[in-house]
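# Structure assessment
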Amino acid sequence: MTMQTPIVSSKSGGKRVILIGSLGYSLVNFRLDLMRRIMALGHEVIAVAPEFDGETAKILTENGIRYRSVPMDRTGTHPLRDARTLAALVQLFRQERPDIVVPYTMKPIIYGSLAARIARVRECYPLFTGLGYLFAGKLDARSRMLFAVSVALHRIGLRKVSAAFCYNDAEVRDIREYGLIPSDVGLLKVPGSGVDTNRFLPEPVPNGPPKFLFVGRLLRSKGIEVLAEAIQRLRAQGHDVTVDLLGPSETHPDALDQPTLDAWKEKGVFRHLGAVRDVRPVFARSSVVVVPTMLREGIPRTILEAMSCGRPVITTDAPGCGETISDGVSGRVVQQNDPISLADAMLSFVENPERVAEMGRAARAQVCRENDVHLVNTILVSRMGLVSASASDMPAPAVAGSAV
């Protein structure tokens with residue numbers, strides 16, 4: 001679905017900014033506050049992605065944001081399809097004449113940055129939200145080849161970017177080590193995509209034994225198999241523990257197969273809730289959020305949203321995850337791919353349920369202090385030169401609150 005709006009000049013004195021994501025819904029779910037902030041500063045925003053469903057299109061239109069579709073195979077590796085993406089982006093940039101391009105996730109970063117250079121866009125600021133499994137090590141032969149291709153494409157595509165953003169120290173190290181951007185280009189670490197702490201408000205913890213929740217894509221690399229083993233260990237010890245899975249089924253090569261999911265559901269290990277647009281009611285019905293990922297996540301939005309809702313988080317020491325949690329204060333940090341330590345962390349809440357509310361309050365205070373979306377967006381718009389002396393006041397971050 002493409003919005004057929006006549007091309008017009010950007011606002012007088014303002015800039016035209018294009019944000020590129022790999023999915024239309026992602027632009028609304030993760031970048032709507034940033035787009036609103038840019039517009040409030042007197043600039044024009046255009047959202048670009050391969051798909052815009054009806055609800056996403058409605059939200060963008062209601063916020064005065066134009067959107068344009070481009071062909072993109074989000075997870076494929078076919079060179080001709082990627083060439084189509086590059087050509088479409090070059091054509092779009094020549095039509096829209098943006099002043100700034102902000103791509104995020106791998107394919108938008110590579111092909112959006114290269115298209116910006118070809119189309120002579122003045123400024124491009126890629127936002128690395130997590131380098132993914134190719135940078136996690138222990139790759140098979142095919143993955144090593146894809147890794148080498150990915151590094152080469154980054155070096156070609158990002159040769160002339162203005163600056164770049166990323167989320168954690170491991171990303172800083174690898175972006176520099178593998179030369180994904182030129183050595184003389186600035187790289188600024190920001191505390192994730194941020195969370196609207198005025199929207200994700202704390203709710204009282206449900207009564208009774210802790211209710212655990214997993215939120216995310218149903219991928220093996222997200223640690224769901226490890227979580228299943230941890231649950232079965234606890235159940236073998238006599239603890240009636242189950243976990244709700246919230247997330248869509250996937251066609252990704254790393255996706256869990258349906259027979260495996262069905263077998264777990266039959267045994268009562270998991271309840272699969274499917275996918276929802278608004279996760280807040282699900283957080284309210286849960287006690288502890290579990291993120292057992294083995295991926296390079298950046299800083300998972302799920303962790304920030306759960307903390308903002310006053311829920312402690314159990315996560316792994318994967319880059320961007322463990323460092324977001326204060327271990328033993330706002331949640332628990334365990335080793336990756338370790339069902340025993342994961343089971344022990346879950347058991348600590350089962351045996352001490354009063355710690356759920358205590359750690360939930362600490363989680364809420366921490367995320368309000370460090371990861372509020374308005375704090376994050378201030379860093380981004382300032383570095384991109386979008387702040388003017390006449391800028392209107394922006395909403396203040398929320399206070400920690402005490403509703404848990």
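These notes cover the structure that comes with them.

Reading the values: rules and limits
- Residues numbered from 1 in each chain as written.
- Predicted model: local features only at pLDDT ≥ 70, side-chain atom pairs only at ≥ 80, totals over all residues.
- Heavy atoms only, no water.
- Pairing = 2+ DSSP bridges.
- Helix = DSSP H or I, 4+ residues; strand = E, 2+ residues; numbered from the N terminus.
- Axes fitted to C-alpha atoms, helices over the stretch in contact; angles between N-to-C directions.
- 1 Å grid on protein atoms, 1.4 Å probe; cavity = no way out; pocket = protein on both sides within 12 Å on 5 of 7 lines; lining within 4 Å.
- Points joined across faces, edges and corners; volume = space filled by probe spheres on them.
- Nonpolar A, V, L, I, M, F, W, Y, C, P; charged D, E, K, R; others polar.
- Phe/Tyr/Trp six-rings, centres within 6.5 Å; stacked < 30°, edge-to-face > 60°.
- Buried < 20%, exposed > 50% of the residue type's maximum accessible area, 1.4 Å probe, protein only.
- Lys NZ or Arg CZ within 6 Å of the ring centre and 35° of its normal.
- Salt bridge = Lys/Arg side-chain N within 4 Å of Asp/Glu carboxyl O.
- Contact = heavy atoms within 4.5 Å.

Moving on, we get to the sheet that holds strand S9 (residues 243-246). Where strands meet in a sheet, backbone hydrogen bonds hold them as pairs that are either parallel or antiparallel. Read across the open sheet, the 6 strands follow the order S10-S9-S8-S11-S12-S13; overall the sheet is parallel. Strands with a single pairing partner mark the edges of an open sheet, and in this sheet they are strand S10 (270-274) and strand S13 (331-334). On average, each strand axis in the sheet is tilted by 25° relative to the strand beside it, whichever way the strands run. Here strand S12 (residues 313-316) pairs with S13 via 4 bridges, running parallel. Paired with Thr316 across the strands is Val334, a residue of S13.

This part is about empty space enclosed by the protein. Scanning the entire structure with this criterion turns up 1 cavity of 30 Å³ or more. Taken as a whole, the largest cavity encloses approximately 30 Å³ of empty space. In terms of lining, the largest cavity is formed by Phe30, Arg31, Leu34, Ser193, Val376, Asn377 and Leu380. Those elements that place two or more of their residues in the lining of the largest cavity are helix H1 (24-40) and helix H13 (373-383). Taken together, the residues that form the lining of the largest cavity break down as 4 nonpolar, 2 polar and 1 charged.

Working definition: an aromatic ring pair is given by the centre-to-centre distance plus the angle between the planes. In total, this model carries 4 aromatic pairs according to the counting rule given. Relative to Tyr67, the ring of Phe52 lies with its centre 4.9 Å away and its plane at 40°, an arrangement referred to as tilted. A residue pair is termed long-range when its members are at least 10 positions apart, and Phe52 in the loop between strand S2 (44-49) and helix H2 (54-62) and Tyr67 in strand S3 (residues 66-69) qualify at 15 residues. Exposure class is identical for Phe52 and Tyr67. Each is buried. Its end group placed over the ring of Phe200, Arg280 keeps NZ or CZ at 6.0 Å from the ring centre.

Where charged atoms from two side chains of opposite charge come close, those side chains can pair. Throughout the structure, instances matching the rule amount to 28 salt bridges. A salt bridge links Arg66 to Glu44; the nearest nitrogen and oxygen atoms lie 3.1 Å apart. Taken together, the residues span a long stretch of sequence, with Arg66 in strand S3 and Glu44 in strand S2 at a distance of 22 residues. The exposure class assigned to Glu44 is buried, which follows from its relative accessible area of 11%. Close ionic contact of Arg220 with Glu225 constitutes a salt bridge, the shortest N to O distance being 3.4 Å. Given the relative accessible area of 27%, Arg220 is considered partly exposed. Owing to a relative accessible area of 36%, Glu225 belongs among the partly exposed residues under this scheme.

Inspection of the secondary structure assignment puts Asp174 in helix H6 (residues 169-177). The class for Asp174 is buried, based on a relative accessible area of 5%. The spatial distance from the C-alpha of Asp174 to the C-alpha of Leu131 is 8.7 Å, given a sequence separation of 43 residues. Apart from residues no more than four positions distant in its own chain, Asp174 is found in contact with Leu131, Phe135, Gly179, Leu180 and Arg296.

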